[in-house]
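# What the coordinates show
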Amino acid sequence: MHTPADRIRNVALVGHRGSGKTSLHEALLFEAGAVGRMGSVVDRNTVSDCDPDEQARQMSIAATLSSCDWQERKINLLDTPGEPSFIADALGALRVCESAVFVVNAVMGVEVSTSRLWERAAELDIARMLFVNMLDRERADFYRTLEQIKRAFGPHAVATEIPIGSEHELEGVVDLVDMKAYRQDSAERCGWSEIPIPDDVAARAEEYREKLMDEVCEVSDALMERYLEGQEIAHDEIVGALKEGTNHGRIFPVVCGVATRNLGTTRLLDAIVEDLPSPVKHGALTVGDRSGIGQQLAPVDDAELFAYAFKTRADQFAGRINLIRVYQGVMRADSQVLNTHSHAKERIGQLLRYEGREVVHVAEFGPGDIGAVAKLKETRAGDWLSARDEPIEMPRLKLPAPVMAFAVSPKSRGDEDKVLSSLHRLQEEDPTIELRRDQQTGEQIVAGLSQVHVEVIVERLRERFGVEVTLAPPRVPYRETIRRPAVGHGRHKKQSGGRGQFGDCQIEIEPLGGITGRNGFEFVDQIKGGVIPNSFIPAVEKGVREAMAAGVLGGYPVTGVRVRLIDGSHHSVDSSEIAFKLAGVAAMKQALQDADPALLEPVMLVTASVPESCVGDVIGDLNSRRGRPQGMEPAGTMTEIRAEVPMAEMLNYAPDLRSITAGQGDYTLELLRYEEVPAQLTQKIVEQAGQERSAVHA
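The text that follows walks through the structure, step by step, so that each part is easy to find. All of these numbers come straight from a predicted model, not from anything done at the bench.

In this section: the packing of aromatic side chains. A complete count under the given rule lists ten aromatic pairs for this structure. Taking 5.2 Å as the distance between ring centres and 50 degrees as the angle between the ring planes, the aromatic pair formed by Tyr 308 and Trp 384 counts as tilted. Here Tyr 308 is found in strand β14 (residues 306-315), whereas its partner Trp 384 is found in strand β23 (residues 384-386), with 76 residues between them in sequence. For Trp 384, a relative accessible area of 1% gives the class buried. The rings of Phe 102, Trp 118, Phe 153 and Phe 252 are connected pair by pair, giving a single aromatic cluster. Positioned above the aromatic ring of Tyr 182, the side-chain terminus of Arg 267 is 4.5 Å from the ring centre. Above the ring of Tyr 327, the side-chain terminus of Arg 325 is found at 4.4 Å from the ring centroid.

In structure tokens:
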């Protein structure tokens, strides 16, 4: 039998990198009895960071699902990455959970990823709780961190616990709801003793209890009226109002502890069960079909199955594993469902539940539950599985655009197809990876959110799929154009006995459009009197286009040119399409040489989101990159700067922006137009292009 929906808690652990989410995940599983021994990130033996690249970097790269039982409730925990490069998994976890525990480092306070994920959680309208971690560290301060939380997330973030002691003398917590103190049994780190509230924290406990009561009583007008009149509020009423406020985003409880010492985790498990909503409490999910009509999916057993695949993991041995959230109905092993995206039938074979390090086969998942399905052939992240072919769609996640691009090539010849297919499999589990082939340069481009992101992609190609690749900065797709009109004459004549070859044409070329907006190509036939038969005119145009594929400056494609075919001659026997094509090539090359050719470069619109304190430094850096700032405006707690910058200056911008903004800034790029390269740079680019061509032909 499956767990009833009202006894399920789906919780995402989110926060900035280094805040201790994985350690907290490990401690919660240990406290709930799902694992017999707590692992350590440093020792590389935690449940969630099990990939070699995660262990080597000591950070989460992918979201990990684990389940445990506490107070007759099933808790599905999703440990998510805090590194901004892997934010897609964190956002995907927030989407399928009713609640999130935000983990905050008590030394560093509220950091940039925490703020960004909080905004996304608010958009999704899910319940939020905060766990102030690492209180035993030097310079850790719960009260300073609490004030930062209030400044960042508003006054409704309120402490429901305060610590007993600080830094290395931390020994327990005071529960402000029950007004009881608990001390950890330090020898075992896995037991709690209730103690009297120590005298040195009693006054502070009363102070923060009053602040908690102010927030709790605001949930109900009747409760607030009684509270202001000085009437006693019953304990059950306080608990009920706290749960109601938390469920509806009107209160954000703040608890505290030390994950690596398993301090505070029992209280956190209690809070998850008591204060955070079940799928039933959270209510039905509204989804739309492709015509935009909304549909309600309620967490009930006796309705048609609708399950959402929110993460796909590719493995060369285990195949494809999908993490799924059942929104309605019951998913059963050895059953058949329909993929509403591909319209393909899928056989549900094994249903998997992750209990710590153990993988348990289960018979079914009920509404509201989260689990895994192995070896589905057509299903990818973002697909729906249903009892019938219902064209429903989940609103798309707003994912950041890739900004760090590299040209990727296999180290071994013949591995091109294997590299591409492996990259596509990695893209299935990480939608922020962008793959494309540059039509101009012919390079296979892989783009990610940072250099670390792309490095992880390369490592996974090697570890999972056995292919090694090299990375190189992508070549800037320069173009060439002309500044003035010119005339070109081309003649191809060859006589070697028997039938010869003869083609002769004369063209005029001129710029098409203004110098900053040149693009396109126009061919105009102005032949009169049949000096070139109509059947050969397309061959001339073909030759002109071929010559434009590699310009006379750096061999870059030519654009922004109007070509007029004005004269020529033919031979009744020796003329042919190939002869006129070659004549067209010669005429165009001659005309381009005389038309004052110019080099064009792509100019990008850069939108950078940075802290206000860094605005001056960021603008100065953009100016040094030949950028032209276009304006700035506040965007929440950040400032958004817009500037136009040549692409050539942005290839390595990501690490520089992170350095300037202490890791808090990010940016997007969008192609605006092509502009003429400054004269002092043109010669350098042309010489470099010549060297590259020589190296290829060497």
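What follows covers the sheet that holds strand β33 (residues 561-569). Taking strand neighbours across the sheet as the criterion, the four strands line up as β30-β31-β33-β32 in an open arrangement whose pairing is mixed. Of all strands in the sheet, those with a lone pairing partner are β30 (486-494) and β32 (521-525), marking the two edges. Strand-to-strand twist of the sheet, defined as the mean angle between neighbouring strand axes without regard to direction, takes the value 25 degrees. Of the strand pairs in this sheet, β30 and strand β31 (residues 501-511) are connected by nine bridges, and their pairing is antiparallel. Counted as the bridge partner of Gly 490 is Cys 505 from β31. Taken strand by strand, helix α13 (residues 537-548) contacts β31, β32 and β33, and its axis lies near 150 degrees from that of β32.

In the contact formed by helix α8 (residues 235-247) and helix α9 (residues 265-275), the axes pass within 9 Å of each other and the chain directions differ by 80 degrees. For the element pair α8 / α9, the angle class is roughly perpendicular. Facing Leu 242, Lys 243, Thr 246 and Asn 247 of α8, the residues of α9 in contact are Val 273, Glu 274 and Asp 275.

What counts, and where the lines are drawn
- Residues numbered from 1 in each chain as written.
- Predicted model: local features only at pLDDT ≥ 70, side-chain atom pairs only at ≥ 80, totals over all residues.
- Heavy atoms only, no water.
- Phe/Tyr/Trp six-rings, centres within 6.5 Å; stacked < 30°, edge-to-face > 60°.
- Helix = DSSP H or I, 4+ residues; strand = E, 2+ residues; numbered from the N terminus.
- Buried < 20%, exposed > 50% of the residue type's maximum accessible area, 1.4 Å probe, protein only.
- Lys NZ or Arg CZ within 6 Å of the ring centre and 35° of its normal.
- Pairing = 2+ DSSP bridges.
- Axes fitted to C-alpha atoms, helices over the stretch in contact; angles between N-to-C directions.
- Contact = heavy atoms within 4.5 Å.
- Parallel < 35°, antiparallel > 145°, perpendicular 65-115°, else oblique.

Any functional reading would require information beyond the geometric quantities listed.
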